[in-house]
Amino acid sequence: MRWSELTKSTRPAVLLCGYAMAGALAAAEIAILGLALNPNVNEDYRAYYVDKTTTCLNRDAVGRYTPGRTVSFRSDDARETAGMRVCGWSGPVADGTHSLGESSRLRLALPPLRDGLRATLEMAAVIRPPQTWQRIVISANGTDVYRAMLSGDLATTVSFVIPHAVLAGKATLDMRFDYPDAIPQSADASNIYNRAIKLRSFRLDAL
Amino acid sequence: MPSGRVEADLAVEDLARAKSGIRLTVIAVATVPLLFLLSGLVIRYAAFASVSPDPSLAVYARAFCKWDCTWYVDISEQGYERFPIPGHSNVGRWGFFPLYPMLVAAVRTILPFSTIAIASVASLAFGYLSCLVAWPLMDKNMRAYVLYCAFLLSGPFSFYFATFLTEPLFVLVTSCLFLALKRSSYVAAGLSCALLSATRVVGVLAVFAIIIRMFEEHRAKGGSVIGFPRWLLGRPDLIIAILISPAGLFAYILYLYVTVGDGFAFVHVQRAFGRVTGNPLLFLWEGLSYHPRPGWQPTAPQWSALTAIVALALSAVLAVRRQFGAALFCAMALILPLTSNLASMVRYVVGLAPLTMLTAVLLSASKPTFVVVLIVFVATCYFMTVAWLGGYLALV
């Protein structure tokens, strides 16, 4: 029935029903909008998707590793590193595992330790002249443990100590790599595709 | 014979002739898209057989399922992920809207066929129905209708209407919406818009076309511009039509809030696809100027940018022809994706029914043009299908 066809007697009732339905629709939509504007998500989700404060979406990945062994991050050892790579990595390929974005993470379960660890990493910078270097900041369980500047495209082996204080009472080692000079893929490309390093091998030794 | 009897006989004869004419028109309107549907199937199969070592029908259906199609297959079969996404992935399926995958999943519960087989047949059926709905929208212009049917079902981009992409459903529901508006059936238009908003995110923008049509009706009845809100508030049926228009989108937002915790997950997940917002004009310029290698052939970004520009120009033509609602809807549905980049621009343009209908009307203005364009449409179907099967980037 068209609006104009309503009779005088039915009009008020239909009007009332119509306004009630419109009100219910509006209320439901406002309520849903309210929920959507206040997402009920964890910090990792919020940081990556909502606030965009990180390019590395933290996940519950934990790799197994026994200190004293060198793990290759080239394509020949892909399976072993898969569990360790939390986020911010691409590959592995023949020349290593490439960092992706402005930071990357590795996480591994460790046996109880009496002292600190010595980390030895073989890495190469991703360069695009005129930029021929990459700064890298490595933190372990939230504490900065190493800062370096990689230059040229040849691989460099770096070694540093992870103090016992940052490992004490922790069942896992969460290593975060930050790249202040990561190179964008193009002028308008998302920073999730930035490139900084190629990680080729990783080793921890108990001190 | 008395003159009254003769007149009556002539009137009956005229009526019979008119009835027979109507019957012929109905048969033509139903048969034309059917013929193009069949010819499209044959041409696309020929293109497929020319590039595939296995010409079986199962492989044929799967071969057309490229790019976004695989996401829709996954949604239809597995639904949406919660967070964290299984497999340590950043990329959830949340960016792909649920109506079409839901329909296919519903049919799959009844019919014992694969998802892609059901979706392929559904897409073809939606394409056919879109043609039928277009007939009254094209003012029963048979030449334009034939071109439109050829374009959708046997044309250069007919592969979009032969696989699991949202375009077939989007075109059908858009056509239903504009038909409802043409008949001033606002609640039907609102319900169509609700379905459209659950099909693709830009579907919700059709609400502006509904409001514009209401405004036009108000003005046609002698109402003033200032008096429009008051007139609207006095008509709860119109308010319901407007408020029900985004219902599909709101239902999806609520679903995402309940499952993921983020109602806007479909927006936020774009980060994982590397989409960054920017100036549409800059994206267009970058696309147009992207020609890294020598040669005359346009690159994929150049095709995408050119398509977007032509589509925006066609939107302007719609406005000139006083189809303001359709013009605004199409322009907004183009500009919104253009704020991220040129990806899928060709597909988005093909999926905007008012633009393709207008193109068909313009190209069928003269008989020679009509014949040439019809031949070009059918001939390019083969080559564009080969390009789609080969993964040509402009067609993504």
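Use the structure listed above.
Residues numbered from 1 in each chain as written. Chains lettered and ligands numbered in written order. Predicted model: local features only at pLDDT ≥ 70, side-chain atom pairs only at ≥ 80, totals over all residues. Heavy atoms only, no water.

Colleague: Explain the packing of helix H4 (residues 99–110) of chain B against helix H5 (residues 115–137) of chain B residue by residue, including any values.
Modeller: Residue and element names in this part refer to chain B. Their axes nearest at 10 Å, the elements H4 and H5 cross at an angle of 115 degrees. In the crossing of H4 with H5, the sense of the turn from one axis to the other is right-handed. Counting all contacts with H4, which are made through Tyr-100, Leu-103, Val-104, Val-107 and Arg-108, the residues of H5 involved are Thr-115, Ile-118, Ala-119, Ala-122, Ser-123 and Phe-126. Residues that form the contact of H4 with H5 fall into these classes: eight nonpolar, two polar and one charged. (Axes fitted to C-alpha atoms, helices over the stretch in contact; angles between N-to-C directions. Helix = DSSP H or I, 4+ residues; strand = E, 2+ residues; numbered from the N terminus. Left-handed = near helix turned anticlockwise from the far one by under 90°. Contact = heavy atoms within 4.5 Å. Nonpolar A, V, L, I, M, F, W, Y, C, P; charged D, E, K, R; others polar.)

Colleague: Describe unusual backbone geometry, naming the residues involved and giving the relevant values.
Modeller: Across the junction of Gly-91 of chain A and Pro-92 of chain A, the peptide omega takes the value 10 degrees, indicating a cis bond. The topology assignment puts Pro-92 of chain A in strand S4 (residues 89–93). The backbone of Lys-140 of chain B shows a phi angle near 55 degrees, a positive value even though the residue is not glycine. Along the chain, Lys-140 of chain B falls in the loop between H5 and helix H6 (142–154). Even without glycine at this site, Arg-322 of chain B takes up a positive phi of about 65 degrees.

Colleague: Report on the interface of chain B and chain A, specifying residues and quantitative values.
Modeller: On the side of chain A, 37 residues touch chain B, which itself brings 39 residues to the contact. Summed over both sides, the interface between chain B and chain A buries roughly 3300 Å², with carbon and sulfur atoms accounting for 64% of that surface. Here chain B and chain A share zero salt bridges between them. Our enumeration of links across chain B and chain A arrives at twelve residue pairs in polar contact (both at pLDDT 80 or more). Taken together, the elements giving at least two residues each to the side of chain B that touches chain A come down to helix H11 (236–244), helix H12 (247–259), helix H13 (265–268) and helix H14 (280–288) of chain B. With six residues, the single largest contributor to the side of chain B that touches chain A is H11 of chain B. By residue class, the composition of the side of chain B that touches chain A is 24 nonpolar, nine polar and six charged. (Buried area = accessible area lost by both parts, 1.4 Å probe. Salt bridge = Lys/Arg side-chain N within 4 Å of Asp/Glu carboxyl O. Polar contact = N/O pair within 3.5 Å; in protein donor to acceptor, adjacent residues only side chain to side chain.)

Colleague: Kindly report on H6 of chain B, identifying the contributing residues and their values.
Modeller: Residues and elements named next belong to chain B. Along its 13 residues, H6 runs 17 Å from first to last C-alpha, staying within 8% of the 18 Å computed at 1.5 Å per residue. A large share of H6 lies buried, amounting to eleven of its 13 residues. Listed as buried for H6 are Ala-144, Tyr-145, Val-146, Leu-147, Tyr-148, Cys-149, Ala-150, Phe-151, Leu-152, Leu-153 and Ser-154. One side-chain oxygen of the residue at the start of H6 lies 3.2 Å from the amide nitrogen of Arg-143, identifying that residue as Asn-141. (Expected span 1.5 Å × (residues − 1). Buried < 20%, exposed > 50% of the residue type's maximum accessible area, 1.4 Å probe, protein only.)

Colleague: Residues and numbers for the side chain of Ser-304 of chain B, please.
Modeller: Mapped onto the elements of the fold, Ser-304 of chain B is located in helix H15 (residues 300–320). In contact with Ser-304 of chain B, not counting residues within four places along its chain, are Leu-342, Met-345, Val-346 and Ala-394 of chain B.

Colleague: Outline helix H19 (residues 367–389) of chain B, supporting the account with residue identities and numerical values.
Modeller: All names here are of chain B. Spanning 23 residues, H19 covers 33 Å between terminal C-alpha atoms, matching the ideal 33 Å at 1.5 Å per step. Taken as a whole, H19 carries its principal kink of about 35 degrees at Cys-381. Every buried residue of H19 is accounted for by Phe-370, Val-373, Leu-374, Phe-377, Cys-381, Thr-385, Trp-388 and Leu-389. (Bend = angle between axes of the 7 residues up to and from the residue.)

Colleague: Would you mind going over the state of the cysteines in detail, with residue names and values included?
Modeller: Residue and element names in this part refer to chain A. Scanning the model with the defined rule gives two disulfides over all chains in all. There is a disulfide in this structure between Cys-56 and Cys-87, and the S-S distance comes to 1.8 Å. Across the disulfide from Cys-56 to Cys-87, rotation about the S-S bond amounts to roughly 80 degrees, and the bridge is consequently right-handed. Taken together, the residues span a long stretch of sequence, with Cys-56 in the loop between helix H2 (43–50) and strand S1 (63–64) and Cys-87 in strand S3 (residues 85–87) at a distance of 31 residues. Judged by its relative accessible area of 5%, Cys-56 falls in the buried class. (Disulfide = S-S within 2.5 Å.)

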